[in-house]
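Listed below are the residues making up each chain.
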Amino acid sequence: MRVKQLLVLPNLPEKLQPLQEMANNLWYSWNWEVVRLFIRLDPDIWEKTYQNPVEMLSHLPQSVLEKAAEDEAFLASVNKVYERYQEYMMRSKWFPSNFPEHKDDTIAYFSLEYGLDTGLPVYSGGLGVLSGDTMKSASDLGLPVVSVGLLYRYGYFRQYLSSDGWQQERYEENDWYHMPVELVKDDQGNPLRVTVTLENAPVHIQIWKVNIGIIPLYLLDTNIAENSSKAREITSVLYGGDKDMRIRQEIVLGIGGVRALKALGLAPSVFHINEGHSWFLTLERMKLLIEESNLTYAEAYQFVWSTTIFTTHTPVPAGNEKFDPILVMRYLGDLVDKLGLSWNEFLSIGRINPEDELEHFGMTVAALKSSAFCNSVSVLHGEVSRKMWHNIWPGLPISEVPIQAITNGVHPASWLSHDMKELYYSYFGPSFEERPEEPKVWKKVNKIPDVELWRVHNRRRERLVFYVRKQLRLKLERQGATQIEIQRADQILDPHILTIGFARRFSTYKRGDLIFSDIERLKKIINSKDRPVQIIIAGKAHPLDNPGKEIIREIVRIIANDDFRSRIVFLEDYDINVARYLVQGVDVWLNNPRRPQEASGTSGMKAAMNGALNLSVLDGWWCEGYSDEVGFKIGNGEELENTVLQDQIESESLYNALEREVAPLFYSRNDIGLPEGWIRKMKNTIVMSGQDFSSHRMLMDYTNKFYISALKASHNLSDNSYQTDRDLTAWLDKVHRSWEQIKIIEIDIPDLGPSVQVGTKIPVKMQVRLGELSCDDVKVEIVAGRLDSQEQFTEFAPEMAVLNGSHSESDGIFSYHGEVTCIDSGRFGVTARVVPTNPNLAHSRRPKLISWW
């Protein structure tokens, strides 16, 4: 049977056309005024369509639209909001104002998932929500970003629990023609398509566009009739299938994504790889440089390295994507041949030890080697990552491994409740929205009277409780419960008592069951007569993670107990909408991962911006955010090999914190019923999170630390038909060939006796053989600092040595001198090293290019 397709659009009256335009831009997802317009049209349809304005407009009866078009008050609201939308789109923003020389450049951002809003389900959790918040802040700040991802036919699963609490998965097909996405077409009106070759067969890819404020997001789709069934399933499910499916998805994302940008007429100067999934894009970039600019592989690699940013998110080796070399060869063998590499040369890119033929091909390893600009997502995660990957840079101290820390952040406007946002706006002023690059505005929270802040917070707690009750009623109705059981849902939770939220992916290291370690003690805390506590829990386990599912089932079993039934709730199907209610309504946000396995964590930041206090293990972002003035800690940052003992220690600490700190402070009220000490902490945590943990701050860090340097490198290296890049590559080749000749022959330090005083200055002289290299090719550095028991430096700051005026060039030996100062008492060491230097090199920390005394 053949079917002729056509798209039927809602017949919107002319006066309501602005609604259609705003519905097709995710700007609505962080602007309550737009959402309120759709709710006014029909609140029930808004909820039934999963808060998707495009689908809602298609479901509204024509009579409702016609009535709204004649409602003067409604039209006035539409026009007012539309004026704000237009002003936002045209507003002068931070990036073009501060970097006008780069306003015409483009930065490409690649991620496997984007969590933008409930109505566009192409995300699973934290990584996707971070990508979504990043794009929203890029729009607010005016960054010239274009983003690329995949369009999943089924997205991530919907969660529901069986009667015994076992997680079940349900996949719902997405109807893209009723979502805020638009099929990209060519000049002839046909879908714009690109092709990748997998197993000698073409896979056709069509492109869909999502508008995120001023930022375009292009999502790739292989569900096309011309493709085989195996090719069509590539973009079917997020994080589904086996390794074969994953590598095909990542080839479509990386290689197909670069081809899609080219087909769209876009030529990004810089590429940002968010996690290793999209690393294959570097291969396509190098292939294009070889074919179109006549570069060698080495020259193409150097250019790509100089213009690539890579963000790693995973703090445990096993969590980083790896592929069997046989699988990689099956799909990429032809491309490797086109790059002019032998198979072993290619595999060495993805191996920590290039000589180890048993090591699988690591996407994170390949990305770290192929990117001049690498970062972790918190300070602690940076320390973990540098230790985890330091063998890629043999001879380099762990502290100097080139992985910087840029701590994650969240998009304030997307996560603040509209009640809290209106309160902030009334005291912060218009710069709160119009100048997101000015974080000091958050200090104005101290102007808000305690009674107003507490009133708004109480209102959000009440709304959270009512939302939970509603969700429980719907669940019971679906399960065919009796009317008495359904009515009982209205007695669940108390809108006036201390409310704790715990919501995240259920993986064993996140320890979702830690608070249930001592059931009897928990009963006393929950059911305290004077200081009662209630807990709302939500989260999904990966479909293949049975240990995570077991944790959920055990929690559901425990909370069915009469002592917990009305005070602890597990909310099914955790998504962006559930997350918003939770972070906007709880008093305390609980987080208890096993340190140091939480790379960053962002849910606590969202809760903090709404005034919730974090009660958390000192892991991820909380190591930076915590102080006694802003929240509570669990433990003291222990990292024990005995995980059972660590769980015992930290569960005890958790209970102690609840009993001795959290509940007493919450219930300590003044004469007019306000918890003054609690509100003081609320204000401090709002300032802390707003100033230091917004995605605006995060993107400004990326810009100042990475993007501008990479953009400059792109212009510099590509000038004059890539001549600078060719020269730099030739210089690096010479350095590599000659590096073994380098040797620090002698270090001369005067005999100052067995000990010296703090502040003593020590002169240092050196003789260095450079072989075929010149003194302009290298830096000689004096390394001095405190030593540990293994005679390894614990702290040091390299000092540049100065070339002496008299030296002998005939035998390649040069004389250098310098001076170090004994800053601290204790064991002190002095040595020296040689590293390469070139003004066109992003940094000198290249594998195997370092020589020590």
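Residues numbered from 1 in each chain as written. Predicted model: local features only at pLDDT ≥ 70, side-chain atom pairs only at ≥ 80, totals over all residues. Heavy atoms only, no water.

### Description of the layout of surface pockets
- The computed volume of the second largest pocket comes to approximately 1,500 Å³.
- Around the second largest pocket sit 47 residues that line it, and E47, Q51, Y467, N577 and Y581 are the ones nearest its centre.
- Those elements giving two or more residues to the lining of the second largest pocket turn out to be α2 (32–41), α3 (43–48), β3 (158–161), α17 (412–415), α18 (418–428), α20 (450–478) and α24 (576–585).
- For the lining of the second largest pocket, the element with the most residues is α20, which contributes 10 residues. (1 Å grid on protein atoms, 1.4 Å probe; cavity = no way out; pocket = protein on both sides within 12 Å on 5 of 7 lines; lining within 4 Å. Points joined across faces, edges and corners; volume = space filled by probe spheres on them. Helix = DSSP H or I, 4+ residues; strand = E, 2+ residues; numbered from the N terminus.)

### Things to note about empty space enclosed by the protein
- Applying the stated criterion across every chain yields a total of 3 cavities of 30 Å³ or more.
- Of the volumes computed, that of the largest cavity is approximately 70 Å³.
- Of the residues in the lining of the largest cavity, the class split is 5 nonpolar, 2 polar and 3 charged.
- There is about 50 Å³ of room inside the second largest cavity.
- Those elements that place two or more of their residues in the lining of the second largest cavity are β18 (588–591), α25 (603–609) and β19 (613–617).
- A breakdown of the residues in the lining of the second largest cavity according to their chemical character gives 2 nonpolar, 7 polar and 2 charged. (Nonpolar A, V, L, I, M, F, W, Y, C, P; charged D, E, K, R; others polar.)

### Examining the nonpolar core
- L19, W279, F346 and M766 are the most contacted members of the largest nonpolar core, which has 179 residues in total.
- Broken down by element, the residue count for this core peaks at 15 residues, all from helix α29 (residues 695–738).
- Grouped together as the second largest cluster of nonpolar side chains are 91 residues, I448, L453, M609 and Y655 included. (Core = buried A, V, L, I, M, F, W, Y, C linked by side-chain atoms within 4.5 Å. Buried < 20%, exposed > 50% of the residue type's maximum accessible area, 1.4 Å probe, protein only.)

### Considering helix α15 (residues 363–370)
- Judged by how many residues are buried, α15 sits mostly within the fold: 8 of 8 residues are covered.
- Among the residues of α15, M363, T364, V365, A366, A367, L368, K369 and S370 are the ones counted as buried.

### Focus: the sheet that holds strand β26 (residues 802–803)
- The strand order β21-β22-β27-β26 describes an open sheet built from 4 strands, whose pairing is antiparallel. At either margin of the open sheet sits one strand with a lone partner, and together these are β21 (743–748) and β26.
- Relative to strand β27 (residues 813–821), β26 runs antiparallel, the two being bridged by 2 bridges. Across the sheet, residue V802 finds its bridge partner in β27, namely H817. (Pairing = 2+ DSSP bridges.)

### Here we look at unusual backbone geometry
- With an omega dihedral of 5 degrees, the bond running from R595 to P596 counts as a cis peptide bond.
- Relative to the helices and strands, P596 is located in the loop between β18 and α25.
- Here the phi dihedral of Y239 falls at roughly 55 degrees; this positive angle occurs in a residue that is not glycine.
- Here Y239 lies in the loop between α9 (229–232) and α10 (243–263).
- Positioned with a positive phi, N294 is a non-glycine residue whose angle comes to about 60 degrees.
- Along the chain, N294 turns up in the loop between α11 (281–293) and α12 (297–306).

### Let's talk about the packing of aromatic side chains
- Within the structure shown, the criterion is met by 41 aromatic pairs.
- Note on W94 and F95: the rings are 6.4 Å apart at their centroids and 65 degrees apart in plane angle, and the pair reads as edge-to-face.
- We classify W94 as buried; its relative accessible area is 8%.
- Of the residues examined, F95 reaches a relative accessible area of 1% and is grouped as buried.
- Across from the ring centre of F323, 5.3 Å away, lies the NZ or CZ of K243, which sits over that ring.
- Here R580 stacks its cationic end above the ring of W415, 5.6 Å away from the centre of that ring. (Phe/Tyr/Trp six-rings, centres within 6.5 Å; stacked < 30°, edge-to-face > 60°. Lys NZ or Arg CZ within 6 Å of the ring centre and 35° of its normal.)

### Things to note about the pairing of strand β15 (residues 498–503)
- With 6 of its 6 residues buried, β15 lies for the most part within the structure.
- Of the two faces of β15, both are covered, the one formed by L498, I500 and F502 as well as the one formed by T499, G501 and A503.
- By the bridge criterion, 6 bridges tie β15 to strand β16 (residues 533–538) in an arrangement that is parallel. Bridge pairing links I500 to I535 in β16.
- In the classification by handedness, the crossover that spans β15, the intervening helix α22 (residues 519–526) and the parallel β16 is right-handed. (Right-handed = clockwise from strand over helix to strand, strands pointing away.)

### Brief notes about the environment of A842
- Relative to the assigned elements, A842 resides in the loop between β28 (828–836) and β29 (851–852).
- The spacing of A842 and S709 is 133 residues in sequence and 7.8 Å in space, taken between C-alpha atoms.
- For A842, the residues in contact, after removing those within four places along its chain, are W305, A372 and F373. (Contact = heavy atoms within 4.5 Å.)

### A closer look at the pairing of β16
- With respect to burial, β16 is a largely interior element, 6 of its 6 residues being buried.
- The alternating pattern of β16 places V533, I535 and I537 and Q534, I536 and A538 on opposite faces, both of which are buried.
- With 4 bridges joining them, β16 and strand β17 (residues 568–571) adopt parallel strand pairing. In the strand pairing of β17, A538 is matched with L571.
- Crossover β16 to β17 through helix α23 (residues 546–559) is right-handed.

### So, the packing of α11 against helix α13 (residues 325–339)
- Viewed as axis vectors pointing N to C, α11 and α13 meet at an angle of 40 degrees, and their least axial separation amounts to 10 Å. With respect to their mutual orientation, α11 and α13 come out oblique. Crossing geometry of α11 relative to α13 is assigned as left-handed. For the pair formed by α11 and α13, the contact residues are L283, M286, K287 and I290 on the first element and L332, L335, K338 and L339 on the second.
- Its residues assigned to classes, the contact of α11 with α13 comprises 6 nonpolar, no polar and 2 charged. (Axes fitted to C-alpha atoms, helices over the stretch in contact; angles between N-to-C directions. Parallel < 35°, antiparallel > 145°, perpendicular 65-115°, else oblique. Left-handed = near helix turned anticlockwise from the far one by under 90°.)

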